[in-house]
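Residues per chain, in single letters:
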Amino acid sequence: MPSRIRNGAAALVGVLLLAGCSSAKAPPEASPLADLVGGNGLYVSAETFATVRSAVSVSDTVYDDLTLKLAGSPVPAPWRTSTGAAALDDFARQHPVWGQWFIAMAEQAAGASSGRLDARSVLPMFREAGYFSEPGENSADAAGEVAETQAALQVLAGSGLHLPDHDAELVDQWLVTQASRIRYPVQACTLAKAFTSLATPAPPGIAAYANDWMAAHATTGLNEVTALSDTYGAVCAGTPSDETRKQLTVALTPYVDRPGQSTSLQRFQLAQTWLALGNDASRLTALAAIARSDLGDRGLAGGKSTLAGGLLPTYFATKIERRSGHGTDPAVETAVSQASVDPATDPVDYLAATATLCEIRACHLDQTAVDKAVSALPRHIDEHDVQTYVDSAGILGSLRMRYPEVTIGDFDKGTETGFFGLLLLARAGSEAADRQLSTAEITAAWRAHGDSWDLREINAMVLLLQSRHSLDPGMSDAVRDRYDRSRGCAGLDVLYATDAGTDSGCDLSATLDAIEAVGYLPHGT
């Protein structure tokens, strides 16, 4: 059966979940699911994590490599592996300009040729208006056009290639126009680099803008990591005075020594800015350590920092943590508490957030909001609503509530879809579905076709038969074997995959049910 996993962040409208709850001390042992926490503090689905974990982020990998280079640390050579080379080639096919720029930057970081740079391939991206743009780009995005133009010019200049004089003049005129419209420091930096690559003098207004920005902001300090981008742009485009260098060094030092949560681009910009201010590369050890961790054993970043978690995966992950005797990171609790969800329009997420808070600390329900969420749940269940019903019924059960009475569609138990739909609904508490499946039918289906069942279906069988006190000890060896083969996915031993031995079906909901089901299995004869 298809699984519905919500990965998005909660909508920032509706009923706040923070009110009325008091903290309780969590067990001290760290969670084995910590790697699943997304950039917004909520858990991502295990399947999404597994997919991204096995994927390659070309941009994150290159920025991590460049950070290591700036820190004077060894840079891996991931593009020599088949996985790295395939990722780089695929990215270049999809992004004619940025692909070549990242190849050039990868070679700069490694200090060696990858054999993949084709600088001439950016030339067809030149537009008669005087800029470079990849197909499908938004023509109204002037900042994006400036960035792509700078990237293309840098690739060409780095390879010793030059535009025809007429085209170079068009680019120069277009860049001069853009230089009169600077809105933020990074744009000034991009323009300054473009003029350098074009080998023409930059309008003095670019440096003036950057210097004015530094004069106005050098003493205010930085209040968040995202502000580093502005500082990077200003230092890149301007010429800081000695006093400004000292002031900016003081402001940057906490971020250099303790980078905290940051993207690979932010870390690269921080390292570049630190060195541009005349500081020692030996202070970049913390940035280099994070870059090495991000690259992992493969030397390839997976782009985890781009993932945003959701409230439903967070509910499942928190339940798994509690079942396995682990605590929940306080940052996750804070993220759930600060989420704001409308119970009427997103009832499953609202109930998941409420149940999560009740799982990790004292539970005080906003009963009016809970009732509103429950009333918004579907009352007629067909095959498309099965997973919604299963998830919602489980969440309500943890709140000591029941899913309201429902009607169900015409599930033909003679078909695979119909049989498993009824099995999942019956296990989740649907009396209408329960009446349509006998214990004998379920066990007969398992004995005949159990090898093809996925873990959600096995979970439903075990838990439903357990509730009927009808688990057959003779089935336990085969069922235990499936659980043993399904355990361990996405590099995490605690998780189960719906399809044994793969990461593609790595599933938090199935893991939660599997932990319960395994405990009920009788010993075989």
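Reference entry: report on the structure contained in this document.

**Concerning the overall build of the protein**
Moving on, step 1. A tally of regular secondary structure across the protein gives 23 helices and seven strands.
Moving on, step 2. Considering only residue pairs separated by 6 or more positions, the protein has 72% of its internal contacts joining residues 24 or more positions apart.
Moving on, step 3. Total accessible area computed for the protein in this model is approximately 23300 Å², and 51% of it derives from carbon and sulfur atoms.

**Brief notes about the state of the cysteines**
Moving on, step 1. Evaluated as defined, the whole model comprises three disulfides.
Moving on, step 2. Through a disulfide, C358 is tied to C363; the S-S separation comes to 1.9 Å. When the S-S torsion is 55°, as for the bridge of C358 with C363, the disulfide is right-handed.
Moving on, step 3. Here C358 falls in the partly exposed class, since its relative accessible area comes to 22%.
Moving on, step 4. Bridging C489 to C506, the disulfide has an S-S length of 2.1 Å. Between C489 and C506 the disulfide shows an S-S torsion of about 75°. By sign, it is right-handed. You can see C489 sitting in strand β5 (residues 487-489) and its partner C506 sitting in strand β7 (residues 506-507), a full 17 residues away along the chain.

**Overview of the nonpolar core**
Moving on, step 1. Core analysis: the largest hydrophobic core is formed by 86 residues, its most contacted members being L351, L423, M461, Y483 and L495.
Moving on, step 2. Ignoring anything within four residues of it in the chain, the contact list for L351 reads V370, A373, V374, L377, I395, L396 and L399.

**Looking at helix α16 (residues 367-375)**
Moving on, step 1. Every buried residue of α16 is accounted for by A369, V370, A373 and V374. Along the axis of α16, the buried positions cluster into a sector of 140°, meaning they face one direction only.

**A few points about the sheet that holds strand β6 (residues 492-497)**
The strands making up a sheet associate through hydrogen bonds between their backbones, and the pairing can be parallel or antiparallel.
Moving on, step 1. Here we have three strands laid out as an open sheet, ordered β5-β6-β7, and antiparallel in their pairing. One side of each edge strand has no neighbouring strand; the edge strands of this open sheet are β5 and β7.
Moving on, step 2. Where β6 and β7 come together, two bridges link them in antiparallel fashion. Looking at the pairing, A497 lines up with C506 of β7.

Each value, and the rule that gives it
Residues numbered from 1 in each chain as written. Predicted model: local features only at pLDDT ≥ 70, side-chain atom pairs only at ≥ 80, totals over all residues. Heavy atoms only, no water. Helix = DSSP H or I, 4+ residues; strand = E, 2+ residues; numbered from the N terminus. Contact = heavy atoms within 4.5 Å. Areas by Shrake-Rupley, 256 points an atom, 1.4 Å probe, with all protein chains shown as cover. Disulfide = S-S within 2.5 Å. Buried < 20%, exposed > 50% of the residue type's maximum accessible area, 1.4 Å probe, protein only. Core = buried A, V, L, I, M, F, W, Y, C linked by side-chain atoms within 4.5 Å. Arc of directions from axis to C-beta. Pairing = 2+ DSSP bridges.

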